[in-house]
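Given next are the chains, with one letter for each unit.
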Amino acid sequence: MTNQVPFTAGDFVVYPAHGVGKVLEVEKQTIAGHELELFVVSFERERMTLRIPVTKAKTSGLRKLSTKKAMDSALTTLKGRARVKRAMWSRRAQEYEAKIISGDPVAIAEVVRDLHRSATQPEQSFSERQIYEQALERLSHELAAVEQIEPEAATEKLEKLLTAA
């Protein structure tokens, strides 16, 4: 099969559609007469386990946690000025969802930055709030894993950066 398996049991990984998970093991299963090597990834937050064929890991977007440098770049993005396009909300919402699903911490940070509201700004709509919280949660869980801190502490750190910006 594959000579080089990019992840091993215990590694934290990011799956674009679900965020940070932990590789439990690499198992072999016979499915429809074919032997497959599968990454067994547990997503504690969603109480879910995914089995991803090793050969499909790259095309599915499964990746290692961001480096400190990549995470710093995402944090710098948070401090930037919000860029809200004048497009209709439905179009912007699609773009925000696509950025979140991309799994790219800088793109997710852009969503968090653009949808963040300070106490002096008008209230968000329900869907804006949902997308904001989804992006914030995704980013804080990866930050927590990278910095080896609790997700709540990571969320606080992100919110401090946003209010300071």
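This is a predicted model, so every value here is computed, not measured.

S.K.: Looking at this structure, how should I read the packing of aromatic side chains?
M.R.: Two aromatic rings are characterised by how far apart their centres lie and by the angle between their planes. According to the stated counting rule, one finds three aromatic pairs in the structure shown. For the ring pair W89 and Y96, a centre distance of 6.1 Å and an interplane angle of 50° mean the geometry is tilted. You can call W89 partly exposed: its relative accessible area is 24%.

S.K.: Just checking my understanding: could you explain the packing of helix α2 (residues 68-79) against helix α5 (residues 126-147) for this structure?
M.R.: Helix-helix packing is described using two parameters, namely the angle between the two axes and the distance between the axes. The interhelical angle for the contact between α2 and α5, taken along N-to-C directions, is 140°, at an axis separation of 11 Å. The angle between the axes of α2 and α5 places the two elements in the oblique class. Between α2 and α5 the crossing geometry is left-handed. Only L139, E142, L143, V146 and E147 of α5 make contact with α2, whose side of the interface consists of K68, M71, A74, L75 and L78. Residue classes in the contact of α2 with α5 are distributed as seven nonpolar, no polar and three charged.

S.K.: Hey, could you run me through the pattern of salt bridges in this one?
M.R.: Close approach of charged atoms lets side chains of opposite charge pair. Tallied over the full model, the rule gives 10 salt bridges. K68 is paired through a salt bridge with E147; the nearest N and O atoms lie 3.6 Å apart. Of the two residues, K68 is situated in helix α2 and E147 in helix α5; the sequence distance between them amounts to 79 residues. One salt bridge in this structure joins K157 and E147, with 2.9 Å as the shortest N-O distance. You can see K157 sitting in helix α6 (residues 151-164) and its partner E147 sitting in helix α5, a full 10 residues away along the chain. The class of K157 is partly exposed, set by a relative accessible area of 33%. Each member of the salt-bridge network shares a partner with another, and the members are K68, E147 and K157.

What counts as what
- Here the residue numbering is sequential within each chain, running from 1 through the sequence in written order.
- The predicted nature of this model means local features are confined to residues of pLDDT at least 70 and side-chain atom pairs, given and counted, to a pLDDT of 80 or more, with totals for whole chains, interfaces and linings taken over all residues.
- The side-chain values count all of the structure's non-hydrogen atoms but skip hydrogen atoms and water molecules.
- Each pair of aromatic rings taken from Phe, Tyr and Trp, with Trp reduced to its six-membered ring, is defined by centres within 6.5 Å and is described as stacked if the planes are under 30 degrees apart, edge-to-face if over 60, and tilted in the remaining cases.
- Burial classes: relative accessible area under 20% of the type maximum marks a residue as buried, over 50% as exposed, and values in between as partly exposed (1.4 Å probe, protein chains only).
- Each axis is a line fitted through C-alpha atoms, taken for helices only over the stretch in contact, and angles between the N-to-C directions span 0 to 180 degrees.
- The helix count covers DSSP runs of H or I at least four residues long, the strand count covers runs of E at least two residues long, and both are numbered beginning at the N terminus.
- Here the word oblique covers every angle except those under 35 degrees (roughly parallel), over 145 (roughly antiparallel) and from 65 to 115 (roughly perpendicular).
- For a crossing to be left-handed, the near helix must be turned anticlockwise from the far one by less than a right angle; the clockwise case is right-handed.
- In what follows, residue pairs with any heavy atoms lying within 4.5 Å of each other are defined as contacts.
- By the convention adopted, Pro, Cys, Tyr, Trp, Phe, Met, Ile, Leu, Val and Ala count as nonpolar, Lys, Arg, Asp and Glu as charged, and the other residues, Gly among them, as polar.
- Whenever a carboxyl oxygen of Asp or Glu lies within 4 Å of a side-chain nitrogen of Lys or Arg, that contact is scored as a salt bridge.

Spatial relationships are all this shows, so hold off on functional conclusions.
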